[in-house]
Amino acid sequence: MSIQNVASWNNLQKDWNRLKDVHLNDLFLDNPKRFDQFSFSKDDLNIDFSKECIDEGVLRNLIKLAKECNLEQQRDAMFSGKYINSTENRAVMHVALRANSTDAYEVDAIPTSDMVDDVLNEFLNFADSIRSGKISNAHGQSFTDVINIGIGGSDLGPVMSVNALSAFSNGGPNLHFISNVDGNDFLDTTSGLDPKRTLILVASKTFTTIETMTNAKTAKDWLLSKLTESEISNNMVALSSNLKATKEFGIKNENVFGFWDWVGGRYSMCASIGLPIALSIGSKNFRELLAGFRDMDIHFKTAPLNKNLPVLLGLIGIWRRNFMKLPTLAIIPYDQRLDRFPAYIQQMDMESNGKSVSKDGSDVSIETAPIVWGEAGTNAQHSFFQLLHQGTNIVPVDFIIAARASHNLSGHHEKLISNFLAQSEALAFGKSKDKVLKEMLKNNVDAEKAKNLTPHRYFKGNKPSTSIIHKELSPFSLGRLIAMYEHKIFVQGIIWGVNSFDQWGVELGKVAAVEIGNVIEGNESISNLHVATQPLLKKIYELRK
Ligand code: F6P
């Protein structure tokens, strides 16, 4: 059934017709206690939707929509190991990576708990042994530096988390990341590092990704510049589900940490892809991170829909995207150490739900994933917030902050909090022309000048945002936050009727790059390329002369 025929969808359309000319100022005038009505908590995590353009009727219909789209049944299908990734014929069980054995998850009627625990224990032991120096290089020296070579899901989660949790590293090795096939990424990252004391992690689910394999080969040569062929085996580790390829690449068995095809790349940071995080923060903290993920998994699995944080976050996103017709979503963490969080969620969201085909192969008839972007606050305020406040596009924002600072520098966190609160307030309520004019006149601005400046200086307001507050940034709270976004994206995929777990859209460009690469390497004639590409390549050749 097309979504437009779902009763609640039509009711939501009516809700929007009713609310589209209502200002957030009016909603708060009607009910100054909107926070009590539209904010939801789970322990020390609070999400405030009061500055979204919603009322009780909208929320009720959104919940009905979730029910009418069988969200609960589909969620249960995921948790029970059903093959919900239909185009790749796979289960989707990243929740099993952070489970307790009592959760009793299964794939193909095989309990996942033992296999997950075995690999988890192996890679956490390895991480602790590297940290303590128990595992060393061929010369008995400890590793001072670790480079993770990976891209997309094999990079973004680890790089974001290592940065986010740097306060927990407590003497671990220095972590570095190489993702881009641009040789400068390799050169800049390895500059000043000692190959002998550097552990290289090759992180790739498929172990075929061109960027990663190119960087991995270069890394091998870099190690060989200071170590012998047999010595480098101590310095190389693989994180992958393609064990045949890791063997062919020459990585010794005990340095290979695998995972399963039911873990999607962008959902893999709780699998062995998380090894760089464990190397940075140690096994105890890594287990805390997993506990945070699980805490949200269980909440998502069991909380009633109208109190379920990822469900509510997902539904508000549906409201913004499909009824308010807002095409983007800005994620703004007021936390410098979460500055890669928007990029991480960007892949998770856009690669999962950036689809225009339904699960049954028919075209979708509604908008799907928003364009997700963002930057840490307050920096973002000094770059693109002008457009958020006065531009012609309305950009909904998810603001995120920790109540407590993870440092004791005086005055900083208070300013961060003031800005966090000020921005959502200014976006929502704006400043009227009347007020702007009066203020200028009061400050003795010439009347004519004040009149001319007023249109430039007033703020329409009525810009929606959600405020997410947690107590502090810790391994547990980070895991909980990520899992909330993972499940939010799941919820939206169900409403939109797309398969959130494949990514066919990345294939075409990859294949074309291989074909063009064959020409550049001299194995094929340039005349085999598309007529639009031939002159560009010729221009590049000309400029390279
Ligand atoms: O090209 C997209 C993608 O397949 C992502 O889904 C994935 O996270 C990334 O490439 C890296 O893939 P792999 O871990 O197999 O190297």
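Criteria and thresholds
- Residues numbered from 1 in each chain as written.
- Predicted model: local features only at pLDDT ≥ 70, side-chain atom pairs only at ≥ 80, totals over all residues.
- Heavy atoms only, no water.
- Helix = DSSP H or I, 4+ residues; strand = E, 2+ residues; numbered from the N terminus.
- Buried < 20%, exposed > 50% of the residue type's maximum accessible area, 1.4 Å probe, protein only.
- Axes fitted to C-alpha atoms, helices over the stretch in contact; angles between N-to-C directions.
- Parallel < 35°, antiparallel > 145°, perpendicular 65-115°, else oblique.
- Contact = heavy atoms within 4.5 Å.
- Nonpolar A, V, L, I, M, F, W, Y, C, P; charged D, E, K, R; others polar.
- Near = heavy atom within 4 Å.
- Polar contact = N/O pair within 3.5 Å; in protein donor to acceptor, adjacent residues only side chain to side chain.
- Areas by Shrake-Rupley, 256 points an atom, 1.4 Å probe, with all protein chains shown as cover.
- Pairing = 2+ DSSP bridges.
- Patch = residues over 30% accessible without salt bridge, like charges linked within 9 Å, V, L, I, M, F, W, Y side chains within 5 Å.
- Salt bridge = Lys/Arg side-chain N within 4 Å of Asp/Glu carboxyl O.
- Lys, Arg positive; Asp, Glu negative; His and termini not counted.
- Charge placed at Lys NZ, Arg CZ, Asp CG, Glu CD.
- Expected span 1.5 Å × (residues − 1).

1. Here we look at unusual backbone geometry
Part 1 of the argument: Note that the residue after Gly 377, namely Thr 378, is joined by a cis bond; omega there is 10 degrees.
Part 2 of the argument: Residue placement: Thr 378 occurs in the loop between strand 11 (371-374) and helix 14 (385-390).
Part 3 of the argument: One non-glycine residue, Ala 109, lies in the positive phi region at around 65 degrees.
Part 4 of the argument: Mapped onto the elements, Ala 109 comes out in the loop between strand 3 (106-107) and strand 4 (110-111).
Part 5 of the argument: Take Ala 109: its relative accessible area is 63%, and that puts it in the exposed class.
Part 6 of the argument: The phi dihedral of Asn 444 falls on the positive side, at around 65 degrees, and the residue is not glycine.
Part 7 of the argument: Mapping Asn 444 onto the fold places it in the loop between helix 16 (433-442) and helix 17 (447-457).
Part 8 of the argument: The exposed category is assigned to Asn 444, whose relative accessible area is 69%.

2. Things to note about the packing of helix 4 (residues 56-68) against helix 12 (residues 309-323)
Part 1 of the argument: For the pair helix 4 and helix 12, the least separation of the axes is 10 Å and the interaxial angle reads 105 degrees. It follows from the interaxial angle that helix 4 and helix 12 lie roughly perpendicular. Between helix 4 and helix 12, the contacting residues are Val 58, Leu 59, Leu 62, Ile 63, Leu 65 and Ala 66 on the first element and Leu 312, Leu 315, Ile 316, Ile 318 and Trp 319 on the second.
Part 2 of the argument: Per-class residue counts for the contact of helix 4 with helix 12 are 11 nonpolar, no polar and no charged.

3. Things to note about the environment of Asn 5
Part 1 of the argument: Looking at the element boundaries, Asn 5 is found in the segment before helix 1 (7-19).
Part 2 of the argument: Residue Asn 5 is classed as exposed on the basis of its relative accessible area of 53%.
Part 3 of the argument: Between the alpha carbons of Asn 5 and Lys 205 there is a distance of 40 Å; along the sequence they are 200 residues apart.

4. Re the site of the ligand
Part 1 of the argument: Around the ligand, 13 residues are found, and the nearest of them are Ser 154, Ser 204, Thr 206, Thr 209 and Glu 351.
Part 2 of the argument: The backbone of Gly 153 places a nitrogen or oxygen atom 2.7 Å from an oxygen atom of the ligand.
Part 3 of the argument: At 2.6 Å, a side-chain N or O of Ser 154 approaches an oxygen atom of the ligand.
Part 4 of the argument: For the ligand, whose accessible area on its own is 390 Å², the fraction buried by protein is 88%.
Part 5 of the argument: Its residues assigned to classes, the shell around the ligand shows two nonpolar, eight polar and three charged.

5. Looking at the sheet that holds strand 11
Part 1 of the argument: Ordered by their spatial adjacency, six strands build an open sheet running 1-2-13-12-10-11, and the pairing between neighbours is mixed. Single-partner strands in this sheet number two, and they are strand 1 (39-42) and strand 11. With strand direction ignored, the average angle separating the axes of adjacent strands in the sheet is 15 degrees.
Part 2 of the argument: Relative to strand 11, strand 10 (residues 328-333) runs parallel, the two being bridged by four bridges. Counted as the bridge partner of Ala 330 is Trp 373 from strand 11.
Part 3 of the argument: Its contacts with the sheet put helix 13 (residues 341-353) on strand 10, strand 11 and strand 12 (397-402), and the angle it makes with strand 11 is roughly 175 degrees.

6. Some remarks on a negative patch on the surface
Part 1 of the argument: On the surface, Asp 114, Asp 117, Asp 118 and Glu 122 cluster together to form a negatively charged patch.
Part 2 of the argument: A relative accessible area of 32% means that Asp 117 is categorised as partly exposed.

7. Re helix 19 (residues 507-520)
Part 1 of the argument: Its 14 residues give helix 19 an end-to-end C-alpha distance of 20 Å, which sits within 8% of 20 Å, the value for a rise of 1.5 Å per residue.
Part 2 of the argument: Immediately downstream of helix 19, the backbone of Gly 522 shows phi near 85 degrees, a positive value.

8. Quick notes on the packing of helix 1 against helix 12
Two packed helices can be described by the angle between their axes and the distance between those axes.
Part 1 of the argument: Close contact between helix 1 and helix 12 brings their axes to 11 Å; oriented N to C, the two are set at 70 degrees. Taken together, the axes of helix 1 and helix 12 are roughly perpendicular relative to one another. Every residue of helix 12 that contacts helix 1 at Trp 9, Leu 12, Gln 13, Asp 15, Trp 16 and Leu 19 is listed here: Ile 318, Trp 319, Asn 322 and Phe 323.
Part 2 of the argument: Considered class by class, the residues forming the contact of helix 1 with helix 12 number seven nonpolar, two polar and one charged.

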